[in-house]
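Summary of structural features
Okay, here's what each chain looks like letter by letter:
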Amino acid sequence: MRQPMVAGNWKMNGTRWEAENLVRSIKEAEPDPAAVEILVCPPFTAIDAVARVLKGSPIRYGAQNLFWEKSGAFTGEISGEMLRDLGCRYVILGHSERRQIFGESDQDVARKYAAAKRAGLNPVLCVGETEEERNQGITEQVVSRQLQAVLRETDPASFHGAVIAYEPVWAIGTGLTATPAQAQQVHAFLRTELQAFDEGAAANTRILYGGSVKAENATEIFCQPDIDGGLIGGASLKAEDFLRICNAAICG
Ligand code: PGA
């Protein structure tokens, strides 16, 4: 039985003060940690402030990116070891904004995945197709290529604790969501790909859906058999909306 998870990707939003207020409101609602694992991923600059608020809380926090080297002359970069030092448990990797705006390749993401595991972090690996790729009918090829690049760099044990997020690029921040059936189809496909790699990984790895998830549409998406929760962007910036989405993940 996979525990549902709802993760908030705050992207490049918020001062430390705003981050503290947001995470305090989430914490004070005392969501049931046995029912849903909650993760917040603030910008790097607010991680420490969020960590202080979450001290002793079952709510997890993580980062939105890392660089694959441990330390050295890499101006502007942050390593997995630095994130562990802040108490992060998770790190989002391969988000489509990183792939598209910052030119991260499948190979870059795979290296980052391996570095996260080495540092003791659980990756939240994002995969997803663009609108053009969906229209061409190559959604499965695209997500398979993105996943296989990581599987080639890693061993089955490294999937322990890892999370995959299926995020169709055309659904991110657009107000368009995949229908529950469209999302379920890709999630089931990803699980089959994992199965060929490792039975245990297929059964235990949580696959989240992301892309314009809101309190209003979360329940029908999350109740699909291969959807284990969500990665939430815009709606994770309001505590009330985010908490309603967390509640929606407790289904079936
Ligand atoms: P959105 O973003 O919920 O605002 O569409 C999701 C994401 O980018 O992870």
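By size, the foremost hydrophobic cluster in this structure holds 69 residues, and its most contacted members are Val6, Val40, Phe159, Leu190, Tyr209, Phe222 and Ile245. Apart from the residues lying within four places of it in its own chain, the contact partners of Val6 are Val36, Glu37, Ile38, Leu39, Phe222, Gly230, Ile232, Phe242, Ile245, Cys246 and Ala249. Among the nonpolar cores identified, the runner-up in size contains twelve residues, and Leu39, Ile92, Ala165 and Leu231 belong to it.

This part takes up the layout of surface pockets. In this structure, the largest pocket spans a volume of roughly 520 Å³. Lining of the largest pocket is provided by 20 residues; of these, Lys11, Met12, Gln64, Arg98 and Phe102 occupy positions nearest its centre. Listing elements by their share of the lining of the largest pocket, those giving two or more residues are helix 2 (44-54) and helix 4 (96-101). At three residues, the largest contribution of residues to the lining of the largest pocket is made by helix 4. For the lining of the largest pocket, a count of residues per class yields ten nonpolar, six polar and four charged.

Okay, the pairing of strand 1 (residues 5-9) next. Among the five residues of strand 1, five are classified as buried, and the element is accordingly described as predominantly covered. Of the two faces of strand 1, both are covered, the one formed by Met5, Ala7 and Asn9 as well as the one formed by Val6 and Gly8. Remark: the strand 1/helix 1 (residues 16-28)/strand 2 (residues 37-41) crossover connection has right-handed handedness.

Here Asn13 lies in the loop between strand 1 and helix 1. For Asn13, a relative accessible area of 36% corresponds to the partly exposed category. Each C-alpha atom of the pair Asn13 and Gly234 lies 9.9 Å from the other, and the pair is 221 residues apart in sequence. Beyond its immediate chain neighbours, meaning those up to four positions away, Asn13 contacts Pro43 and Leu237. Separated by 2.9 Å, the side chain of Asn13 and the backbone oxygen of Trp10 make a polar contact.

Close to the ligand lie 13 residues; Lys11, His95, Glu167, Gly173 and Ser212 are nearest. One nitrogen or oxygen atom from the side chain of His95 is found 2.6 Å from an oxygen atom belonging to the ligand. One of the backbone N or O atoms of Gly173 is found 2.7 Å from an oxygen atom in the ligand. For the ligand, whose free accessible area comes to 280 Å², the fraction covered by protein is 95%.

Definitions and cut-offs
- Residues numbered from 1 in each chain as written.
- Predicted model: local features only at pLDDT ≥ 70, side-chain atom pairs only at ≥ 80, totals over all residues.
- Heavy atoms only, no water.
- Core = buried A, V, L, I, M, F, W, Y, C linked by side-chain atoms within 4.5 Å.
- Buried < 20%, exposed > 50% of the residue type's maximum accessible area, 1.4 Å probe, protein only.
- Contact = heavy atoms within 4.5 Å.
- 1 Å grid on protein atoms, 1.4 Å probe; cavity = no way out; pocket = protein on both sides within 12 Å on 5 of 7 lines; lining within 4 Å.
- Points joined across faces, edges and corners; volume = space filled by probe spheres on them.
- Helix = DSSP H or I, 4+ residues; strand = E, 2+ residues; numbered from the N terminus.
- Nonpolar A, V, L, I, M, F, W, Y, C, P; charged D, E, K, R; others polar.
- Right-handed = clockwise from strand over helix to strand, strands pointing away.
- Polar contact = N/O pair within 3.5 Å; in protein donor to acceptor, adjacent residues only side chain to side chain.
- Near = heavy atom within 4 Å.
- Areas by Shrake-Rupley, 256 points an atom, 1.4 Å probe, with all protein chains shown as cover.

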